[in-house]
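Read off the chains here:
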Amino acid sequence: MAEKIDEAQVRKVAKLSRLELTDAEVGEFTGQLSAILGYVEKMNELDTENVEPLAHCLPISNVFRPDSVKESLGTEKALANAPQRDGDFFKVPKILDVGSGA
Amino acid sequence: MEQLSAKELRDRIAAGQTSSVEATMAVFERIRQFEPTIGAYISTCEEKALEAAADVDKRIVAGEPVGQLAGVPVAVKDNMCTTFGATTCASRILENFHAPYNATVVDKLLAADAVIVGKANMDEFAMGSSTENSGLKQTVNPWDTSRVPGGSSGGAAAAVAGGLCFAALGSDTGGSIRQPASFCGVVGLKPTYGRVSRFGLVAYGSSLDQIGPITQTLADTALVLNVIAGHDPADSTSVNEAMAAACDYLEELEEPVEKLKIAIVPEYTAGADESVQRALSDAIEVYKKLGAEITEIDMPHLDYATAAYYVIATAEASSNLARYDGVHYGHRTQSPKDYVEVYSKSRAEAFGQEVKRRIMLGTYALSSGYYDAYYLKALKVRNLIRGDFTSAFEKYDCIIMPVAPTTAFKIGEKTDDPLQMYLSDIYTIGANLAGIPGISIPCGFDEDNLPVGLQILAPAFGEEKLLRIARMFEKETDWHKRTPPIV
């Protein structure tokens, strides 16, 4: 079974989660997540060798509908909550370095 | 006025004995008086509510048809989108978010002519069991203001208990309707997964989340469920008519269930506080007197529900909350040095600690090398837990057990130990993992005069019978008639 989580792993998970943590938070989360994972591991007492995973409780199947044109939200409504906008666009910092090419 | 149930108020308004404006003004008078102490609402909308109330009154006077909740002041948990006011999820990341559409349940309330008075406080993104994780304000328990109202729908339950509305909508991912209902001495129903549309409910754990009523009485629960249940083309997981036909939950509510067979799980619930155990035993006696047959059963996998839940719910949350990236809506950090910082700093600045913790836990459980050990394992355990319920319901109409191991705990008592907080959900989580309906109804008080809730669990789509079983108990007792000392 996986070992309990250490600080390096917490930093890696924070990066994957796109959460910038302070050193104090890394320390705190390492302890707390280790305790929670320790508790969660009690699942290993159960033999699940021949058990199917259950992702959804109901016997539902994919829902199809005709691909027809419907009214959409509209530009103004869609942009109304944008932290920054530029005309009809969401404005963000550039994501390519100058000269990085493509 | 606040002594009336939602249904009684509706009937009086319809009969012209009182007006919706009068009822709505009385609610806002109470909000002015008690809200500074209770803190149930993140926002209220008095002007809009009074306009809606006046419109209902006008139509009733004119003899025009009105909806099932005509004129009744209700509250909505602040994780359901409304085009009026903000929809914050009690998070600073959405503090100024104005939804471009209404949640389906909100549209249904409005179509039924309910008067929405405000958006209720909650644990941030519904992650918590005490409403202490709200990033915006503190809600206290109307029964004892030094205690939590439960969570995550703590604001909604406190508002109903405190007479700050006549009924409310909460959401329940691991007990977030039932546990605060229990702590605040009101009725809370988590319907079958798929019974009520989740469209416009801000997602936490999508395979577990379900919206339901928090009310003063079972008749009110039936009434509100009548309004919000049903298939929604905008939510592909809401069940269609073929799977679960619509029904009038009020119609048969007074009919007792004949030859009622109840299962109890003493081994599983042995860890509950003595006062909770005592209230449960008393409740069992009530059902015995009504002729019910009580049988002790073993549900061997239920003890693993909390472990499985905190993997599955956090895994789903880590994915659902990836949308808060500071780009399209929500908080964005000032002067990021690059686009990665737009994400990582915006999220770090505006998410609270519990939300960060759950995102981290879920991301870890889904990450390479750990997926099989945690996430896949939890899904298999979930199947075993559902199996326990399926077997039980082959023989018994329902299962009864406590809602929570304790009554309302002190503010701050569990905030330093997330695992202890998680364990306050042990009895409620099973229903979410299995997708079945569960209800909390008032069943007694502890030595500190704090309410205790009785949980009744029924098979999927068994709400009609579940409400009747609960109503049998409500008719025999008057726990639901007590009101908090503050009121």
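A.B. asks: Requested: an account of the overall build of chain A, with residues and values cited.
C.D. replies: For chain A, the count of helices and strands is three helices and two strands. The secondary structure elements of chain A, listed N-terminal to C-terminal, are α-α-α-β-β. For chain A, the C-alpha radius of gyration of 23 Å lies well beyond 13 Å, the compact-globule estimate for 102 residues. Along the first, second and third principal axes, the C-alpha set of chain A runs to 55 × 45 × 30 Å. Here chain A holds 102 residues, and the buried ones make up 17% of them.

A.B. asks: A description of the overall build of chain B should follow, citing residues and the corresponding values.
C.D. replies: A tally of regular secondary structure across chain B gives 16 helices and eleven strands. Taking 23 Å as the expected radius of gyration for a compact globule of 487 residues, we find that chain B reaches 21 Å, a close match to that expectation. When the backbone C-alpha atoms are referred to their principal axes, chain B occupies close to 65 × 55 × 50 Å. Per-residue burial for chain B yields a buried fraction of 62% across its 487 residues. Contacts in chain B between residues far apart in sequence, at least 24 positions, make up 76% of those at least 6 positions apart.

A.B. asks: Can you explain the interface of chain A and chain B? Please cite residues and give values.
C.D. replies: At the interface, 43 residues of chain A touch 55 residues of chain B. Listing elements by their share of the side of chain A that touches chain B, those giving two or more residues are helix 1 (7–16) and helix 2 (23–40) of chain A. Element by element, the count of residues in the side of chain A that touches chain B is highest for helix 2 of chain A, at seven residues. Its residues placed into classes, the side of chain A that touches chain B shows 32 nonpolar, six polar and five charged.

A.B. asks: Go over the sheet that holds strand 10 (residues 438–445) of chain B, please, and point to the residues and values.
C.D. replies: Residues and elements named next belong to chain B. If you trace the eleven strands from one edge of the open sheet to the other, you get 1-3-2-4-6-5-10-11-9-7-8, paired in mixed fashion. Whereas interior strands pair on both sides, the edge strands pair on one side only; in this sheet they are strand 1 (41–44) and strand 8 (293–296). Pairs of neighbouring strands in the sheet enclose a mean axial angle of 30°, with direction left out of account. In the sheet, strand 5 (residues 187–190) pairs with strand 6 (residues 210–215) via two bridges, with the strands oriented antiparallel. If you follow G188 over to strand 6, its bridge partner there is I214.

A.B. asks: Residues and numbers for the packing of helix 10 (residues 305–320) of chain B against helix 13 (residues 371–395) of chain B, please.
C.D. replies: In a pair of packed helices, the angle between the axes and the distance between the axes together describe the arrangement. Residue and element names in this part refer to chain B. Remark: helix 10 packs on helix 13, axes separated minimally by 9 Å, with the N-to-C direction vectors making an angle of 125°. In terms of orientation, helix 10 lies oblique with respect to helix 13. Where helix 10 crosses over helix 13, the handedness of that crossing is left-handed. Facing A305, A308, V311, I312 and A315 of helix 10, the residues of helix 13 in contact are Y374, Y375, A378, L379, V381, R382 and I385.

A.B. asks: Report on unusual backbone geometry, specifying residues and quantitative values.
C.D. replies: All names here are of chain B. Cis peptide bonds are those with omega within 30 degrees of zero, and the linkage from G151 to S152 qualifies with 10°. Structurally, S152 can be placed in the loop between strand 3 (115–120) and helix 5 (154–161). With phi around 70°, A126 is a residue other than glycine that occupies positive phi space. Structurally, A126 can be placed in the loop between strand 3 and helix 5. If you check the backbone angles, T131 has positive phi at about 65° while not being a glycine. In this structure T131 comes out as buried when scored by C-beta crowding, with 34 C-beta atoms within 10 Å.

Cut-offs and rules
All chains use their own residue numbering, which begins from 1 and follows the written sequence. For this description, chains carry letters from A and ligands carry numbers from 1, given in the order in which they are written. For a predicted model such as this one, the threshold for reporting local features is a pLDDT of at least 70, and the threshold for listing and counting side-chain atom pairs is 80 or more; totals across whole chains, interfaces and linings nevertheless cover every residue. In DSSP terms, a helix is any run of H or I states spanning at least four residues, a strand is any run of E spanning at least two, and both are numbered starting from the N terminus. Both definitions apply: the radius of gyration is a C-alpha atom measure, and the globule rule equals 2.2 Å times residues to the power 0.38. With C-beta atoms placed from the backbone, the exposure class of a residue follows from how many other C-beta atoms lie within 10 Å of its own: 20 or more, buried; 12 or fewer, exposed; in between, partly exposed. Once C-beta atoms are placed from the backbone, any two residues with those atoms within 7 Å are in contact. For this scheme, ten residues count as nonpolar: Ala, Val, Leu, Ile, Met, Phe, Trp, Tyr, Cys and Pro. Four count as charged, namely Asp, Glu, Lys and Arg, and the remainder, Gly too, count as polar. Pairs of strands are assigned from DSSP output, requiring at least two bridges between the strands. A fitted line through C-alpha atoms represents every axis, and for helices the fit uses only the stretch in contact; the resulting angles, taken between N-to-C directions, go from 0 to 180 degrees. The labels follow the angle: roughly parallel below 35 degrees, roughly antiparallel above 145, roughly perpendicular from 65 to 115, and oblique for the rest. Crossings are assigned a handedness: left-handed for a near helix turned anticlockwise from the far helix by less than a right angle, right-handed for a clockwise turn.

No statement about biological role is implied by the geometric values presented.
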